[in-house]
Amino acid sequence: VPSARRRGSPGEPRALFALPSARGALPAPCWPIECEVIKETIEHIEWVPPEPEPFCQPTGHKWAPAAPGEEQGTVVYHLSPAPPGSYFTRARVGGAPGPLSSPAAPLEGPQDTTLLFESRFESGNLQKAVKVGPYEYVLTLRPDLYTAKHTQWFYFRVQNTRRDPLYRFTIANLAKPKSLYGEGMCPLLYSQHDAQSRGIGWRRVGADVRYYRGGGGEEPAAFRLSWTARFPHDGDTCFFAHSYPYTYSDLQRYLRALAGDPVRSRYCAVRALCRSLAGNTVYLLTITSPAGAAAKRAVVLSARAHPGESGGSWAMQGFLDFLLSAHADARLLRRLFVFKVVPMLNPDGVVVGNSRCSLAGRDPNRAYGTALRGSFPGVWHLRAMVERVLAEREVVLYCDFHGHSRKNNVFMYGCDGSGAGTGPRLRQRVFPLMLSKNAPDKFSFPSCKFKVQKSKAGTGRVVMWRMGVSNSYTMEVAFGGSTLGGRSSHFTVEDLKSLGYHLCDTLLDFCDPHPAKLQQCLSEVDALLRQRLGWEPGSGRSWSDVSPSELES
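Residues numbered from 1 in each chain as written. Predicted model: local features only at pLDDT ≥ 70, side-chain atom pairs only at ≥ 80, totals over all residues. Heavy atoms only, no water.

Under the annotation held in an unreviewed UniProt entry, the protein carries the name Cytosolic carboxypeptidase 2 and is attributed to Cochlearius cochlearius. The UniProt entry for the protein carries the following comment under Cofactor (unreviewed entry): "Zn(2+)". (UniProt positions renumbered as here; feature names shortened; annotations may be inferred.)

Rendered as C-alpha cells:
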C-alpha cells in the first residue's frame, strides 16, 4: 500500500517497523522471555445475540457462604508465578524458548470429569485452578506482570466439559471492593462447538453471580467472584472472559484488511508511532481526505492504555468502520478534519493479559506528565505527536477510550478549570451532553464528571488539556451494560461499536457552522448546573466563583 510506505511529512513517524501488509503472515506478537505461549491460534467469531441479554438478579456485595478453601482441593492447573521483585528484561516472538511445561493435571481416563484449563495464549489470564468438588473450582488470576496487584481481567479456556452438571467457579483474588458483578452483570462464555455448528459467539452466562469480600487469607487482594454455569455440550472447548476479548492480533488482522482495501487505504495511512518495550508496533492511523489538509483542524483518539478494558477496542473499531465508510457524514468528516488515531496504546499489556499496566509494571495512564521515553514509549510518543500537531493546527477533540468496572452505561470525564470564565466551563460539558442526546439508550450525562483530581494529573485527558486541547475527555464504557431508555441489559459488541458511530455523529453536531445546536446545549448545561446548585432562575449569579467540587456534588 503506497500510503503506508511513503515518507511522511516532517514530524510524521516513518514506516520503519513491521506493518500489516495485505499479503503474507501477520507480524507475530513479541512476549516477555519468561512467558510460555501455546502454538494454537485462538480466534473467535463475532456475533450479536438476537435478544437483549438482561442483567441477572443483583446480589449486592453481601457476604456469601464461605467457598471451600483451596487447601481442601486438588490443584488441576498452575502456572508458576513471576518471582517477587522481577522486572522486564527482554522479549521474543513466541515467548519462552524450549518445550512447554504441563500446568494442567493429566486426566485419569475417559470417566475423569476434571476440566482442563489453559490460559497461555494472547490476552489470556488464569494462574491457578483448584478442584474443590466434583464440579467446583476455585481460581486465582495472575497479577499484572512485574506487579503484585491489578487482578481484574480474566480470559481462559476449559476443555473436557460435561453438559448436565451445574458447575461453580470462584475467582478468589480480585482487587476491587466493588464491581458490576454485584449489580447483575454476568461473565461471558464462548463455546467452540456452538461457534462452528450454529454461528453463536460470546454470550452472557451464569446464575447465582456473587461478588463479595473473601475470608482473610488472600493477599494482596481479597474479593471473590462466584458464579454457576452449565456447558452447552459434552467434550466441548469453551472460554470464559470478563469482557469481549480484543487482542493485538485482532487489531493487526483489522489493519491488514484496511491495508488491502484500495478505497479505504487512499485516505488512511497506517504507520508506526513507536515500538513498545517488548518490540510490538504501536500503530498510528492518519485519516483525512487528500485535499486541503493545511486548513483542517485535528481530532486525536486513543484506546487500550489499560489492556483489560477491551470494550475500548470495540468502540474504536466501530469508530474506524464508520469514519472509513462511504457514508456522506464520513466523507464530510474526512473533508473537515485530520484524524490521528492510536487504536492500541499498550499492546504489550494486551498481549500478556494484564488488567492495567504495561511491562514497566505501572499504569501508563498516570504517566503522561512525567513519561520517560524508555519506560512508556507509547505515551511519550503520543504526547510528542500531539505537541507537533498543536504547533500547526487546532486540536478540536482528544478522547481516550476506557472501560469502567463499577458504574453502568457510558459516560465521560472532562476537565473543568475553575479559573476559566463561564464560557469554557459550560462548553467543556457540551460534547458529552450532545453525545447523550445521540445515544440516549447508552450514554449517561449525569454520570459525567469534570473535576480534575490531583490523582488524575498524569492522565492523557488532563495532560492534553493542559497542553491546550480544551475539549479533552476520557470515555468510560461500562463492562456491564445500559440501564437507560428502558434497557436493563448487557452491552453487545454491536452496542460497543455503535459508540464509535455516535462519536462521529456528535463531532459533526459539535462543529456545526450553524450555532443553534451549540447554543441550545450551552443553555441546557447552564440550566442543569443552576438546578443542581439550587440557584433560582434569573438570579444572575456567575460561574466564575464556583469550584468544580461544588458542581460535582
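Picking up after the structure, the text goes on.
(A) View of the UniProt feature "active site" (unreviewed entry) in the protein. With numbering aligned to this structure, UniProt lists the feature "active site" (unreviewed entry) at E476. Positionally, E476 belongs in strand 20 (residues 472-478). With a relative accessible area of 8%, E476 lands in the buried category. (Helix = DSSP H or I, 4+ residues; strand = E, 2+ residues; numbered from the N terminus. Buried < 20%, exposed > 50% of the residue type's maximum accessible area, 1.4 Å probe, protein only.)

(B) Here's a closer look at the packing of aromatic side chains. For the coordinates displayed, the defined rule picks out 31 aromatic pairs. With a centroid separation of 6.3 Å and an interplanar angle of 40°, the aromatic rings of F154 and F156 are classed as tilted. As far as the burial class goes, F154 and F156 line up, both buried. Ring centres 6.5 Å apart and planes at 5° place the aromatic pair Y211 and F223 in the stacked group. Taken as a pair, Y211 in strand 11 (residues 207-213) and F223 in strand 12 (residues 223-229) lie far apart in primary sequence, 12 residues in all. Neither residue differs from the other here; Y211 and F223 are each classed as buried. The rings of F117, Y135, Y137, F154, F156, Y167, F169, W227, F231 and F240 are connected pair by pair, giving a single aromatic cluster. Over the face of the ring belonging to Y267 we find R334, whose NZ or CZ atom lies 3.8 Å from the ring centre. (Phe/Tyr/Trp six-rings, centres within 6.5 Å; stacked < 30°, edge-to-face > 60°. Lys NZ or Arg CZ within 6 Å of the ring centre and 35° of its normal.)

(C) Layout of the nonpolar core. F117 and M475 are the most contacted members of the largest nonpolar core, which totals 128 residues. When residues in this core are grouped by element, the largest group, 8 residues, is from helix 11 (residues 493-510). Here this core spans two domains, and each of domain 1 (35-45 + 52-58 + 67-241) and domain 2 (248-515) adds at least three residues to it. What M475 contacts, discounting residues up to four positions off in sequence, is A315, C399, D400, F401, H402, V410, F411, M412, L435, L499 and L503. Core analysis: the second largest hydrophobic core is formed by 22 residues, L345, F376, V379 and V469 among them. (Core = buried A, V, L, I, M, F, W, Y, C linked by side-chain atoms within 4.5 Å. Domains from an automatic or database assignment. Contact = heavy atoms within 4.5 Å.)

(D) Focus on the pairing of strand 16 (residues 297-303). Among the 7 residues that make up strand 16, 6 are buried, leaving the element largely enclosed by the rest of the structure. Summarising the sheet, strand 16 and strand 17 (residues 337-342) pair through 6 bridges and their orientation is parallel. The residue bridging A298 from the neighbouring strand is V338, located in strand 17. Of the pairings in the sheet, the one linking strand 16 to strand 18 (residues 395-404) comprises 6 bridges and is parallel in character. Counted as the bridge partner of A298 is V395 from strand 18. (Pairing = 2+ DSSP bridges.)

(E) Region of the structure containing the side chain of E309. The residue E309 is located in the loop between strand 16 and helix 4 (311-323) in this model. We classify E309 as buried; its relative accessible area is 7%. Apart from the residues lying within four places of it in its own chain, the contact partners of E309 are R304, R356, H402, G403 and F479.

(F) Local environment of the sheet that holds strand 9 (residues 188-191). The sheet built from 5 strands is open, its strands ordered 4-7-13-9-10 with antiparallel pairing. Unpaired on one side and paired on the other, strand 4 (116-118) and strand 10 (203-204) mark the two borders of the sheet. Pairing geometry for strand 9 and strand 10, over 2 bridges, is antiparallel. Across the sheet, residue L189 finds its bridge partner in strand 10, namely R203.

(G) A look at the domain arrangement of the protein. With domains assigned, the protein is organised as domain 1 (35-45 + 52-58 + 67-241) and domain 2 (248-515). The interface is formed by 31 residues belonging to domain 1 together with 32 residues belonging to domain 2. Counting each side, the surface lost to burial between domain 1 and domain 2 is near 2,600 Å², with a carbon and sulfur contribution of 53%. Among the residues of domain 1 in contact with domain 2, F55, W153 and L180 are the three that bury the most area, contributing 26% of the side total. The interface formed by domain 1 and domain 2 contains 1 salt bridge. (Buried area = accessible area lost by both parts, 1.4 Å probe. Salt bridge = Lys/Arg side-chain N within 4 Å of Asp/Glu carboxyl O.)

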